[in-house]
Amino acid sequence: MMSSIHGGGGEFVGGQQQEEEEGLEPADAGGYRKYLVLLATPSAAELNKFVKDGGEEDDVVAAHRAWHQSFLPSTRTSLGEPRLLWSYHTGVYGFAARLTEDELKVVSGKPGFIHALPNVLYSLDTTHTPSYLGLPNRMGESPDGWPGDGGRGMIVGVIDSGIDPTHPSMADHGPGEVTSVVDAVFQSGAVGVILVSPQQEGYTGRLLDSGPDRPVVLIPYQEFPRLRDYYFAMGRQAKASAQMTTADVVDNRGLRIMDEHHDAPASVYAAAAGHVNLRRAMDPGLLYDLLGDEEYSSFICATLGEGPLKNISRDVHRKCSYFPTMSHPWDLNTPSIVVPLRPTNPPVAVRTVTNVGPPEVYTVKVEMPPEVRVTVDPSILNFTSTWMQKSYQIIVSSTGNNPVEGKVYQGTVTWSSNLHSVRIPLVAVVGLGEPQPSTGWNIHD
């Protein structure tokens, strides 16, 4: 029997799961599991209840921990182990603790509770990255056309995905002086690997499951200044758009991108938009940029609800009624589209593009399997000036009456002019549902 607990717009999925259920950490002898509990941003009045006189920094940290402890029935479990494991108060508000399912149901009913996740165990899953990128398996070997001997002469920078909240780049007044080109590239939010070649010709690659704006790039050393200026001049969403819409859909040999085992074509979920092409990304033609923070807020309200909006924005006074209503999650102005596929009541996705090139006329081309019917309106976009914005809508429907449940169809939507080609992935999934934000908390058996 499975049950769901919703609170403040969040959800906890629990129930009497079997311990052998894959991934879920088994309960201990006392029935306790480790849970990550996310909370809404506390009000000053609430937090002040736990702040000691003087208000030093250590006291503020202790106050958060005491506030988190107040959600728990005791400081230790019946087995004598401490309940509170971790206390979070920087990136998110919440804590990790040992709880039984019955205890968690009580916690979920307390003011401030948003979401709870049970601890999940993951096993090592190799991605065969060297072969995916076409790298040699033994020292001394070099792919055809690669400079050096087995990578000799290259500068390699590896950036971990962890976040240090005390780093100068996290400060309100800006990142400060940049001491290395690697910092210049990755302080603006992207996480990945950059390889710098002393030769003129560069290569690009991608890591599987690293996300659309997590590139692995090999570029000539001479292009470092351009890369640095490019990353600092554009917003994060604009960078992601430029990289995705100009990416190569073939590998460095001009062949179709394969999966990590090189035995089948990679799906859109594995290859994303393709291989980053830095030179083309410098001149993308059109950008799918977000229309301010309001659009993100509308998206959060449409998919998660008001509770998570307050928590993510760290503003307890923010309400969904303050922002335009977003009817569907696929209306977020991203450089990709994922919609449900159905024979009737077809979904309509709207996108707005900004011209960052000269005045140009773009025409659209859609590539999609024959089982999917796609209509784009308008089919021609005429930009008479730089920074002009235009919108278009895409209607996606099934050509058959009985599409196979769960079937995924993937293709592309490309806008082309005399100078630019701007491509985004289009994915249609049979039976794809829409998230329903919670307004209260209840238990569903």
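First, a word on scope: everything that follows refers to the structure included in this document. Quantities reported herein were computed from a predicted structural model and do not represent experimental measurements.

Calculation rules
- Residues numbered from 1 in each chain as written.
- Predicted model: local features only at pLDDT ≥ 70, side-chain atom pairs only at ≥ 80, totals over all residues.
- Heavy atoms only, no water.
- Buried < 20%, exposed > 50% of the residue type's maximum accessible area, 1.4 Å probe, protein only.
- Helix = DSSP H or I, 4+ residues; strand = E, 2+ residues; numbered from the N terminus.
- Pairing = 2+ DSSP bridges.
- Phe/Tyr/Trp six-rings, centres within 6.5 Å; stacked < 30°, edge-to-face > 60°.
- Lys NZ or Arg CZ within 6 Å of the ring centre and 35° of its normal.
- Patch = residues over 30% accessible without salt bridge, like charges linked within 9 Å, V, L, I, M, F, W, Y side chains within 5 Å.
- Areas by Shrake-Rupley, 256 points an atom, 1.4 Å probe, with all protein chains shown as cover.
- Salt bridge = Lys/Arg side-chain N within 4 Å of Asp/Glu carboxyl O.
- Axes fitted to C-alpha atoms, helices over the stretch in contact; angles between N-to-C directions.

### Considerations on the pairing of strand β12 (residues 337-341)
Burial analysis of β12 places four of its five residues in the buried class, the great majority of the element. Pairing of β12 with strand β19 (residues 421-430), which is carried by five bridges, proceeds in the parallel orientation. When the sheet's bridge partners are listed, Val339 is paired in β19 with Ala428.

### Let's talk about the packing of aromatic side chains
Under the criterion given, the structure shown has five aromatic pairs. When the ring of Trp67 is compared with that of Phe71, the centres are 5.8 Å apart and the planes differ by 75°; the resulting orientation is edge-to-face. Side by side, Trp67 and Phe71 carry an identical accessibility label, which is buried. One aromatic cluster in this structure is built from Trp67, Phe71 and Phe95. The ring centre of Tyr409 lies 5.7 Å from the NZ or CZ of Lys407, which sits over that ring.

### Digging into a nonpolar patch on the surface
A grouping of Leu36, Trp86, Tyr88, Val92 and Leu117 is seen on the molecular surface, where their side chains present a nonpolar patch of about 460 Å² in accessible area. A residue is classified by how much of its surface remains accessible, and Leu117, at 40% relative accessible area, is partly exposed.

### Here we look at the sheet that holds strand β17 (residues 389-398)
The four strands lie next to each other as β11-β13-β17-β15, forming an open sheet whose pairing is antiparallel. Both edges of this open sheet fall to β11 (286-287) and β15 (372-377), since each of them pairs with a single strand only.

### Quick word on unusual backbone geometry
Where the residue is not glycine, phi is negative for most of them; where a peptide bond is considered, it is trans in most cases. At the junction of Asp377 and Pro378, the peptide bond is cis and its omega measures out at -5° in the coordinates. Structurally, Pro378 is set in the loop between β15 and β16 (380-383). At Asn345, a residue that is not glycine, the phi angle is positive and equals roughly 50°. Mapped onto the secondary structure, Asn345 falls in the loop between β12 and β13 (348-355). We classify Asn345 as exposed; its relative accessible area is 58%. With a phi close to 75°, Trp387 is a non-glycine residue in the positive phi region.

### As for the sheet that holds β12
Taken together, five strands build an open sheet; the order of strands is β12-β19-β18-β14-β16 and the sheet is mixed. Either end of the sheet is taken by a strand with one partner, and the two such strands are β12 and β16. For this sheet, the mean angle separating the axes of adjacent strands, direction not counted, is 25°.

### Some remarks on the pattern of salt bridges
Counted under the stated rule, the structure contains seven salt bridges. As a salt-bridge pair, Glu103 and Arg83 come within 2.8 Å of each other at their nearest N and O atoms. Here Arg83 lies in the loop between α2 (57-69) and β4 (84-88) and Glu103 lies in helix α3 (residues 101-108), a separation of 20 residues in the sequence. In this structure, Glu103 and Arg83 share a single accessibility class: buried.

All we've got here are geometric facts, nothing functional implied.
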